[in-house]
Amino acid sequence: MHTLIVFAVVLALGALVTAIGSWLIVRAHPPRGRFIKVRHMRQHVVELGTAAADAPPVVLIHGAGVNLEDMRLDLGERLAARHRVILIDRPGLGWSKRKTRDGSAPQYQAAILREVLDQLGIARAIIIGHSWGGAVATSFALDYPDRTAALILLASPFYPHTHPMLSLYALLATPIIGWIYARTLALPLSLPFVGLALGSAFLPQLPPRDYRKRSAALLLLRPSTFLANARDMANLKRNLEPQPARYPGLSMPTLVMCGAADFVVGPQLHAVPFAAAVPRARLVILPGIGHMLHHAATERVLAEIDELATMTSTAPAIGSPKVQTPEE
């Protein structure tokens, strides 16, 4: 009985710390874009820059555990000088909502992205995804090829390989244990190690200065966001299983970029076989660069994006996809 009382007190204190901490995090990192309602859920979108009439916009999709600010920092702001740029918080992450357990599927998130682009009046776009966001970008290209002017994938997973961390995420994503942990202990136990976790993602490089603050990384520790990210990771292997058989059907120009020193998503397991399977894919492996190549090798990534965007703008579009309006 004594142990149960102690456990209940610990959970109660954790819930209090989580409530206060979440409130402080929200005050420190408010949404910086606008909200678009899709399927009765608010999706957070930031629009930057302008583009010529014949140039498709650039859509940036962030990876796991972060939000659109990660892609905005070194890519979004600079691409906006030459392109119309759309950044979106993936459903459940950042300031975008998620209401269904199916929301962890890249295919589901790609469908949400399509509806957001519909409401923005964007028929075709250059789709760029980093890491987990690359799985969404790939699903978008597979399911909506007429909406994809070009595909750019940065350090992205493509095949259902097992990762040591998946077992932990599977535990955190369970309906009861995960729900309780996210609302009581996740924030107080994770907060001291946020810097270490971010640093490990950047290895062998270091994170940019003030990255935790500038990327609003602490938004992840809010209960609903923490759970959404855990489910994304826990279900990724299963969600990727049907996709490899479809990769040879990708016909749009595709750029696959990764770092040779990426210890998070191994190039030999993902980028190399994917590039070999996709007819119009070009593979770029950056020596000595880790998983966060858009921060570690920004100039090279920007140059590759600009080159593919120029080729896409001068190439004739195939068909004219219809953009559905909300009224339709």
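Conventions we followed
Residues numbered from 1 in each chain as written. Predicted model: local features only at pLDDT ≥ 70, side-chain atom pairs only at ≥ 80, totals over all residues. Heavy atoms only, no water. Pairing = 2+ DSSP bridges. Helix = DSSP H or I, 4+ residues; strand = E, 2+ residues; numbered from the N terminus. Axes fitted to C-alpha atoms, helices over the stretch in contact; angles between N-to-C directions. Contact = heavy atoms within 4.5 Å. pLDDT = per-residue confidence, 0-100. Buried < 20%, exposed > 50% of the residue type's maximum accessible area, 1.4 Å probe, protein only. Salt bridge = Lys/Arg side-chain N within 4 Å of Asp/Glu carboxyl O.

A.B. asks: Could you give an account of the sheet that holds strand E5 (residues 125-130), with specific residues and numbers?
C.D. replies: Here eight strands make up an open sheet; going across it, the order is E1-E2-E4-E3-E5-E6-E7-E8 and the pairing mixed. Every interior strand has two partners, whereas the edge strands, strand E1 (34-38) and strand E8 (281-286), have only one. Averaged over all pairs of adjacent strands, the angle between their axes in this sheet comes to 25°, without regard to strand direction. Of the strands in this sheet, E1, strand E2 (41-48), strand E3 (58-61) and strand E4 (85-88) touch helix H3 (residues 106-120), which is tilted by about 115° from E1. Sitting on the sheet, helix H4 (residues 132-143) touches E3, E5 and strand E6 (148-154), and the angle it makes with E5 is about 150°.

A.B. asks: Any details on the confidence of the model for the chain? Residues and values, ideally.
C.D. replies: For any part of a model where pLDDT is low, the fine detail of the predicted coordinates should not be relied upon. In this model, the chain carries an average pLDDT of 92, and 95% of its residues clear a pLDDT of 70 or more. Every residue in residues 317-322 scores below 50 in pLDDT, and together they form seven contacts with partners more than four places removed in sequence or on other chains.

A.B. asks: Break down the environment of Glu304 for me, with residues and values.
C.D. replies: Along the polypeptide, Glu304 turns up in helix H13 (residues 298-314). Owing to a relative accessible area of 6%, Glu304 belongs among the buried residues under this scheme. The spatial distance from the C-alpha of Glu304 to the C-alpha of Val284 is 9.3 Å, given a sequence separation of 20 residues. The residues touching Glu304, leaving out its near neighbours within four places in the chain, are Leu255, Met257, Arg282 and Val284.

A.B. asks: Before we move on, can you summarise the pattern of salt bridges with the specific residues and values?
C.D. replies: Tallying each qualifying case throughout the model produces 16 salt bridges. Across the salt bridge formed by Arg32 and Glu69, the nearest N and O atoms sit 2.9 Å from each other. Placement of Arg32 in the loop between helix H1 (2-28) and E1 and of Glu69 in helix H2 (residues 68-79) is noted, with a sequence separation of 37 residues between them. Linking Asp118 and Arg114 is a salt bridge whose minimum nitrogen-to-oxygen distance equals 3.1 Å. Taken together, the residues Asp118 and Arg114, both in helix H3 and four residues apart, mark about one turn of the helix. The buried category is assigned to Asp118, whose relative accessible area is 7%. Classification of Arg114 by relative accessible area gives buried; the value is 16%. Among the ionic contacts, a cluster of salt bridges with common partners joins Arg32, Glu69, Arg72 and Glu77.

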